[in-house]
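As a plain string of letters, each chain reads:
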Amino acid sequence: MTRTSSAAAVAHPNIALVKYWGKRDKVLVLPHAGSLSMTLDVFPTTTTVRITPGTAEDSVFIDNVPARGEALRRIVDFLDLVRARTGRRERARVETHNTVPVGAGLASSAAGFAALALAAATAYDACLDPTSLSRLARRGSGSACRSLFGGFVQWHAAHPGEQDPDHASYAEPVHDVHPDLDIALIAVLLQTTPKPVSSREAMQRTVATSPLFPSWLRSTREALADMRAALKDGDLDRIGAIAERNALGMHAAMETALPPVTYRTPASHHLLNHVSALRERGEQTWATMDAGPNVKVLCPATDATRIAAELAAASASPTVIARSGPAATLISQSRS
Ligand code: DP6
């Protein structure tokens, strides 16, 4: 019988328009609420998983550097999960190449674990469909489950009373989107050094100690339904307003945790104010932020080049224009 000996996959980051922030189950990575994102067409991550029979340990290289500590532990735990499902024991060599700065709130873990899920499941012959792959990727990093799919994607939270919450929490593409909707997302790269507090630690602290977390969670559940309707109508004004409010609420919640988690820097605040000022001048611009100081700006795709130049001048920082991007794909597979 021939077996797969290696597989390589590519995945793109996604940016949530309605955010995931807080787990109700840390082992299964079950979120407190659903979320909705746009997969980007920039910053792909490529990951190769090569089965290495006869070796005692997994080896992991991130951008040609051997992984250590927490980064290594998360990837080995993930491979263990794949091995447990397939009854395989051989170790593997993982090589991952990012084109996005790691740990700077630019969704490198989403693209990374989506590519790893597809490559590892293929290398170990797990034969998973896209929905099952999204459940698997979720265990590596919550937001990764959305990067398995292209375009707009919703991650279902699974109800707390659910019999099999692992099965009920997965991502799927949102197809009911107005055909004329053409959104761009401009990433303003204010800072690309790794963040001081991981999103994992930060969301845990927010859930445990922020007095604003329960109300943000309630508003997120409403935002999800409103966002679905706005996408269907192709109403960019509503999409932008819902996304910005949801992101600012998430940051307000984490900034009132004990001790506070503060990702926003003076440069982030300056840019957030600038985006509001542009809007007052009649531009369709809205900001969103993740677990880092960088600001992403939503705008009509037709205005993106002009607005990106304006944002670059206002922040003295590089900008990258992204549009809606593709699903994760397998780029090679070999058998022995
Ligand atoms: C702010 O998916 O990185 O980007 O599940 O602990 O790995 P873990 O967290 P992660 O958190 C992403 C948080 C966010 C919002 C989002 O992408 O929805």
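Remember, predicted model here, so these are calculated numbers, not experimental data.

J.: An account of the nonpolar core is requested, with residue identities and associated values reported.
T.: Within the largest apolar cluster, 52 residues are counted, with the highest numbers of intra-cluster contacts made by Trp21, Val49, Leu79, Leu116, Leu136 and Tyr263. If one sorts the elements of this core by residue count, helix H2 (residues 108-123) sits on top with 10 residues. Both domain 1 (4-177 + 327-335) and domain 2 (183-322) contribute no fewer than three residues apiece to this core. Setting aside anything within four residues of it in sequence, one finds Leu136 in contact with Phe78, Leu81, Val82, Arg85, Ala117, Ala121 and Leu128.

J.: Summarise the site of the ligand; cite the residues concerned and give the values.
T.: Lining the immediate environment of the ligand, one finds 18 residues, of which Tyr20, Lys23, Ser141, Ser143 and Arg146 sit closest. One of the side-chain N or O atoms of Arg146 is found 2.7 Å from an oxygen atom in the ligand. Relative to its unbound accessible surface of 460 Å², the ligand loses 93% to contact with the protein. Its residues placed into classes, the shell around the ligand shows 7 nonpolar, 5 polar and 6 charged. The residue makeup of the shell around the ligand includes at least three contributed by each of domain 1 (4-177 + 327-335) and domain 2 (183-322).

J.: Mind laying out the sheet that holds strand E1 (residues 4-11), listing which residues take part and the relevant values?
T.: Taken in spatial order, the 6 strands of this open sheet run E8-E7-E9-E6-E1-E16, and their pairing is mixed. Pairing within the sheet leaves two strands with one partner each, and these edge strands are strand E8 (65-66) and strand E16 (329-335). Relative to E8, strand E7 (residues 59-62) runs antiparallel, the two sharing 2 bridges. The residue of E8 that forms the bridge with Phe61 is Pro66. With respect to the sheet, helix H1 (residues 69-86) is in contact with E7 and strand E9 (91-98), its orientation differing from that of E9 by roughly 125°. Docked against the sheet, H2 engages E1, strand E6 (45-52), E9 and E16, running at close to 155° with respect to E1.

J.: Quick one: what's the story with the packing of aromatic side chains, residue by residue and with numbers?
T.: By the definition in use, this model includes 3 aromatic pairs. Residues Phe78 and Phe113 carry aromatic rings whose centres are separated by 5.6 Å and whose planes lie at 65° to one another, so their mutual orientation is edge-to-face. A residue pair is termed long-range when its members are at least 10 positions apart, and Phe78 in helix H1 and Phe113 in helix H2 qualify at 35 residues. A single burial state applies to Phe78 and to Phe113, both of which are buried. Aromatic side chains Phe213 and Trp216 sit 6.0 Å apart centroid to centroid with 35° between the ring planes, which places their arrangement in the tilted category. On the criterion of helical spacing, the pair formed by Phe213 and Trp216 is a turn pair, its members being 3 residues apart in helix H6 (residues 213-233). Here Phe213 falls in the buried class, since its relative accessible area comes to 5%. For Trp216, a relative accessible area of 4% translates into the label buried.

J.: Residues and numbers for the sheet that holds strand E5 (residues 35-39), please.
T.: Read across the open sheet, the 4 strands follow the order E2-E5-E10-E11; overall the sheet is antiparallel. In this open sheet, the two edge strands, each paired with only one partner strand, are strand E2 (14-18) and strand E11 (171-173). Adjacent strand axes in the sheet meet at a mean angle of 30°, parallel and antiparallel pairs treated alike. Here E5 pairs with strand E10 (residues 152-155) via 4 bridges, running antiparallel. Counterpart to Ser35 in the pairing with E10 is Trp155.

J.: Tell me about the domain arrangement of the protein, residues and numbers included.
T.: When cut into domains, the protein gives domain 1 (4-177 + 327-335) and domain 2 (183-322). Its C-alpha centre places domain 1 at a distance of 24 Å from the equivalent point of domain 2. Taken together, the contacts link 34 residues of domain 1 with 46 residues of domain 2. The junction of domain 1 with domain 2 conceals about 3,400 Å² of combined surface from both sides, 70% of it contributed by carbon and sulfur atoms.

Reading the values: rules and limits
- Residues numbered from 1 in each chain as written.
- Predicted model: local features only at pLDDT ≥ 70, side-chain atom pairs only at ≥ 80, totals over all residues.
- Heavy atoms only, no water.
- Core = buried A, V, L, I, M, F, W, Y, C linked by side-chain atoms within 4.5 Å.
- Buried < 20%, exposed > 50% of the residue type's maximum accessible area, 1.4 Å probe, protein only.
- Helix = DSSP H or I, 4+ residues; strand = E, 2+ residues; numbered from the N terminus.
- Domains from an automatic or database assignment.
- Contact = heavy atoms within 4.5 Å.
- Near = heavy atom within 4 Å.
- Polar contact = N/O pair within 3.5 Å; in protein donor to acceptor, adjacent residues only side chain to side chain.
- Areas by Shrake-Rupley, 256 points an atom, 1.4 Å probe, with all protein chains shown as cover.
- Nonpolar A, V, L, I, M, F, W, Y, C, P; charged D, E, K, R; others polar.
- Pairing = 2+ DSSP bridges.
- Axes fitted to C-alpha atoms, helices over the stretch in contact; angles between N-to-C directions.
- Phe/Tyr/Trp six-rings, centres within 6.5 Å; stacked < 30°, edge-to-face > 60°.
- Buried area = accessible area lost by both parts, 1.4 Å probe.

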